[in-house]
Amino acid sequence: MTFDSKNITFTEEVEGKIVEYSMIETWDGLYAPVAIRKPEGDGPFPIVLLAAGNGGEGLAWLMDAVRNRAYTMDRLVDAGFACAWLRYRTEVELGYNNGGEMVRDMRQGREMFNRSPLEYEDEIAIIEYFKAQDWVNSDNIGVIGMSHGGEMALKIVSEYHGLAAAVASEPASHEYLALKTDNTAFINEKTGLRNIEEMQMAEVEKVRNRIDLPIAKKRISGIDTPVLVMGRDEDHLQGIFRISYELLEEDGKDVEWVSYDHDYHGYVFPIKGDDGEYILNHVQIKAIDQVVKWLEQKFAESSL
């Protein structure tokens, strides 16, 4: 184990591969864990950061991911990228909409915030940490975010401009688009929070008619990072995925769209079955091939 005031690191071997775990300081001094794999050599390497779901669960989640969700990580490392699975603080219901812009000030010689950092801001802090590492090509950092991680990717590139590329796979962009719920969502009486798990938003026009367009367009206007948006043909949120692409395209952003017919939410990150083998078919292989090639292209363009 190694550590300094900004980072704590230890390693383990998983299926013959060295995984490095780092605890990275976020904006408010708390630490977020990541699990890193690197290609052979000293670098500097381009790096791709992986985010899935709405946060929490810490090191236990990462240790499971490098054992049971490492297929895409392996593919990226084989292509010459360093790669890291991320964890971050738990999503706050409507924290992005209600909290407003983060304001950082000073009081008594130390930082004072107008609100607590949110999970996507932890990811920005992690990106900034990697930019400072001598084994990382700081001009070639990308993210793949799935589901809420895809929404996080859109939030990040709307206000942060240090990425070379971002993949938003099945982005659950309800909050980012300021989407008004319909009667397929409801309030959990025990908690007072919304339950939107089964909200039916497959139709593009239905979603377009329910978003706060001025808010969504204002957020999108800040994007200057290339984005690949990935949908899933029969998903009940396909309308949200597609509108996330269409609004970027209408605003002239560097954005591409692809959608695949697959029965698993999160097909870009295959998982192992009970037999220890990845549950994987040709659709996922094709999708991941496309992601790797797209990242290679965007990293090459950023190096020109």
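Everything here concerns the structure above.
Residues numbered from 1 in each chain as written. Predicted model: local features only at pLDDT ≥ 70, side-chain atom pairs only at ≥ 80, totals over all residues. Heavy atoms only, no water.

Observations concerning the overall build of the protein chain
The secondary structure content of the protein chain amounts to 9 helices and 14 strands. Here the protein chain has a C-alpha radius of gyration of 19 Å; the compact-globule value for 304 residues is 19 Å, and the two agree. About 14,100 Å² of surface is accessible on the protein chain, with carbon and sulfur atoms providing 48% of the total. Taken as two groups, the 31 positive and 54 negative side-chain charges of the protein chain have centres that lie 4 Å from each other. (Helix = DSSP H or I, 4+ residues; strand = E, 2+ residues; numbered from the N terminus. Rg over C-alpha atoms; globule rule 2.2 N^0.38 Å. Areas by Shrake-Rupley, 256 points an atom, 1.4 Å probe, with all protein chains shown as cover. Lys, Arg positive; Asp, Glu negative; His and termini not counted. Charge placed at Lys NZ, Arg CZ, Asp CG, Glu CD.)

Describing the environment of Leu-59
Here Leu-59 lies in helix H1 (residues 58–68). Note on Leu-59: relative accessible area 28%, which makes it partly exposed. Each C-alpha atom of the pair Leu-59 and Ser-303 lies 34 Å from the other, and the pair is 244 residues apart in sequence. (Buried < 20%, exposed > 50% of the residue type's maximum accessible area, 1.4 Å probe, protein only.)

Some words on the pairing of strand S7 (residues 104–107)
Sheet analysis places S7 next to strand S8 (residues 110–113), joined by 4 bridges and oriented antiparallel. For Met-106, the partnering residue across the bridge sits in S8 and is Glu-111. Linking S7 to S8, which pair antiparallel, is a turn of 2 residues; within it Gln-108 sits at a positive phi near 55°. (Pairing = 2+ DSSP bridges.)

A word on the nonpolar core
Leu-49 and Phe-130 are the most contacted members of the largest nonpolar core, which has 54 residues in total. Judged by nonpolar contacts, the second largest core, of 38 residues, contains Ala-165, Val-167, Leu-228 and Ile-288. (Core = buried A, V, L, I, M, F, W, Y, C linked by side-chain atoms within 4.5 Å.)

Focus on the pattern of salt bridges
Scanning the model with the defined rule gives 23 salt bridges in all. Among the salt bridges present, the one from Glu-170 reaches Arg-232, with a minimum N-O distance of 3.0 Å. Of the two residues, Glu-170 is situated in the loop between strand S10 (165–169) and strand S11 (186–187) and Arg-232 in strand S13 (residues 227–232); the sequence distance between them amounts to 62 residues. The residues Glu-170 and Arg-232 share a single accessibility class, namely buried. (Salt bridge = Lys/Arg side-chain N within 4 Å of Asp/Glu carboxyl O.)

Details of the environment of Ile-215
Note on placement: Ile-215 falls in helix H7 (residues 213–221). A relative accessible area of 34% places Ile-215 in the partly exposed class. Measuring from C-alpha to C-alpha, the distance between Ile-215 and Leu-177 comes to 7.2 Å, with 38 residues separating the pair along the chain.

Section: a negative patch on the surface
Together, Asp-233, Glu-234, Asp-261 and Asp-263 make up a negatively charged patch on the protein surface. Here Asp-263 is to be found in the loop between strand S14 (255–260) and helix H9 (282–302). Residue classification places Asp-263 among the exposed residues on the basis of a relative accessible area of 73%. (Patch = residues over 30% accessible without salt bridge, like charges linked within 9 Å, V, L, I, M, F, W, Y side chains within 5 Å.)

Some remarks on unusual backbone geometry
Excluding glycine, a negative phi dihedral is what most residues carry, and trans is how most peptide bonds are arranged. The amide bond that connects Gly-43 to the next residue, Pro-44, takes the cis arrangement and shows omega of 5°. By the secondary structure assignment, Pro-44 is in the loop between strand S4 (31–37) and strand S5 (45–52). In this model, Glu-57 sits at a positive phi of 75°, which is unusual for a non-glycine residue. Among the structural elements, Glu-57 can be located in the loop between S5 and H1. One non-glycine residue, Gln-108, adopts positive backbone phi at about 55°.

Quick word on the pairing of S14
Sheet topology places S13 next to S14; 6 bridges connect them, and they run parallel. If you follow Val-227 over to S14, its bridge partner there is Val-255. Where the polypeptide runs from S13 across helix H8 (residues 238–250) and back to S14, its parallel neighbour, the crossover connection is right-handed. (Right-handed = clockwise from strand over helix to strand, strands pointing away.)

With respect to the packing of aromatic side chains
Each aromatic ring pair is characterised by the separation of its centres together with the angle its planes make. Evaluation of the coordinates by the stated rule reveals 11 aromatic pairs. Measuring from ring centre to ring centre gives 5.5 Å for Tyr-96 and Tyr-120, while their planes differ by 85°; the resulting arrangement is edge-to-face. Highlighted residues: Tyr-96 in helix H3 (residues 95–99) and Tyr-120 in helix H4 (residues 119–131), separated in sequence by 24 residues. The exposure classification of Tyr-96 matches that of Tyr-120, with both residues buried. Seen from their ring centres, Tyr-260 and Tyr-267 are 5.9 Å apart, and the 65° between their planes marks the pair as edge-to-face. Each member of the pair Tyr-260 and Tyr-267 is classed as buried. Here the aromatic cluster, defined as three or more aromatic residues joined through ring pairs, consists of Trp-61, Trp-85 and Phe-269. Residue placement shows Arg-87 over the ring face of Tyr-88; its charged tip is 5.1 Å from the ring centre. It is Arg-104 that lies over the ring of Trp-27; its NZ or CZ is 4.7 Å from the centre. (Phe/Tyr/Trp six-rings, centres within 6.5 Å; stacked < 30°, edge-to-face > 60°. Lys NZ or Arg CZ within 6 Å of the ring centre and 35° of its normal.)

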